[in-house]
Amino acid sequence: MHYIMKTTEDTQTELIEPDFNSPECIIDISSGMKDYPQFAVLSNLGDKPFVMDGIEFKCLEGFLQALKTDNRERQMELCDMRGGMAKREGSKIEWKLKQTLYWQGRAYGRHTEEYRQLISRAFQTCYDQCELFRKALAATGRATLAHSIGKDDPTQTILTIDEFVGRLLRLRECGTLF
């Protein structure tokens, strides 16, 4: 169990167990989570196998990186990669100039409702099929979820902090994005 530091009214510092049922508890989601490793699966890079559109994924990151290319063979390679490798390989693909992403032969403008629905469908499918993902998300209780290594500008990332954390919160609260 990891503990957090708390300063009491008389300025004494003590170690306390985190209360995940408190919104004051902040869980910063990343694949290399040191404070709460039990939640690393919540990262897009975390192993969360799922099948969508007949394609097997090892994690959400493989899906997200595959969207950057219209080359279907390259997409399938990225889908089959684990998180860190998918991120490294996907970072080599230029997509930002056109702001266009691709899935199964269809082009999606980065800023369209159709793109947002596609991303939500992937998150929902992963959530529905991966028990470890569901359990880890439920275990966050009412804690505040954060993603300090993410980006806010949608022209610079295929998934902003708000898009990522917002989907996790909705799944945690409702179990569905639709």
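It should be emphasised that the depicted structure is a prediction, and the values quoted were computed from it without experimental measurement. (Residues numbered from 1 in each chain as written. Predicted model: local features only at pLDDT ≥ 70, side-chain atom pairs only at ≥ 80, totals over all residues. Heavy atoms only, no water.)

S.K.: Help me understand the overall build of the protein chain in this model?
M.R.: Across its full length, the protein chain holds six helices and eight strands. The order of α-helices and β-strands along the protein chain, N terminus first, is β-β-β-β-β-α-α-α-β-β-α-α-β-α. Put simply, the protein chain has 178 residues, and 46% of those count as buried. Restricting the contact set of the protein chain to residue pairs at least 6 apart, pairs at least 24 apart contribute 54%. Looking at the protein chain as shown, the accessible area adds up to about 9,700 Å², and 49% of this sits on carbon and sulfur atoms. (Helix = DSSP H or I, 4+ residues; strand = E, 2+ residues; numbered from the N terminus. Buried < 20%, exposed > 50% of the residue type's maximum accessible area, 1.4 Å probe, protein only. Contact = heavy atoms within 4.5 Å. Areas by Shrake-Rupley, 256 points an atom, 1.4 Å probe, with all protein chains shown as cover.)

S.K.: Looking at this structure, how should I read the layout of surface pockets?
M.R.: A probe as big as a water molecule, rolled over the atoms, marks out the empty space that is left. By volume, the largest pocket is sized at about 550 Å³. In this structure, the largest pocket is lined by 26 residues; those nearest its centre are E61, Q65, K68, K87 and T157. Broken down by secondary-structure element, the contributors of at least two residues to the lining of the largest pocket are α1 (60-66) and α6 (161-174). If you tally residues by element for the lining of the largest pocket, the top one is α1, at three residues. For the lining of the largest pocket, a count of residues per class yields nine nonpolar, 11 polar and six charged. (1 Å grid on protein atoms, 1.4 Å probe; cavity = no way out; pocket = protein on both sides within 12 Å on 5 of 7 lines; lining within 4 Å. Points joined across faces, edges and corners; volume = space filled by probe spheres on them. Nonpolar A, V, L, I, M, F, W, Y, C, P; charged D, E, K, R; others polar.)

S.K.: Would you take a moment to explain the packing of helix α4 (residues 113-129) against α6 for this structure?
M.R.: Any two packed helices are characterised by the angle at which their axes cross and by the distance between the axes. The interhelical angle for the contact between α4 and α6, taken along N-to-C directions, is 45 degrees, at an axis separation of 11 Å. Judged by the angle between their axes, α4 and α6 are oblique. The way α4 lies across α6 gives a crossing that is right-handed. Along the contact surface, α4 presents R116, I119, S120, F123, Q124 and Y127, while α6 presents F164, R167, L168 and L171. Here the contact of α4 with α6 is composed, by residue class, of six nonpolar, two polar and two charged. (Axes fitted to C-alpha atoms, helices over the stretch in contact; angles between N-to-C directions. Parallel < 35°, antiparallel > 145°, perpendicular 65-115°, else oblique. Left-handed = near helix turned anticlockwise from the far one by under 90°.)

S.K.: Got a minute to help me understand the confidence of the model for the protein chain in this structure?
M.R.: Caution is warranted with low-pLDDT regions, since their predicted coordinates should not be read in detail. Confidence along the protein chain averages 90 in pLDDT terms, with 90% of residues attaining 70 or more. For residues 1-7, every residue scores under 50 in pLDDT, and the model assigns this stretch 24 contacts once sequence neighbours within four places are set aside. (pLDDT = per-residue confidence, 0-100.)

S.K.: For this particular structure, what's the right way to read the nonpolar core?
M.R.: Within soluble globular proteins, side chains that are nonpolar tend to cluster in buried spots. Counting 48 residues, the largest nonpolar core has I27, F63, L67, W103 and F123 as its most contacted members. Secondary structure elements with two or more residues in this core: β4 (50-52), β5 (55-57), α1, α2 (72-79), β6 (100-103), α4, α5 (131-139) and α6. For this core, the element with the most residues is α4, which contributes seven residues. In this structure L67 touches Q75, L101, Y102, W103, Y115, L118 and I119, once residues within four positions along its chain are discounted. (Core = buried A, V, L, I, M, F, W, Y, C linked by side-chain atoms within 4.5 Å.)

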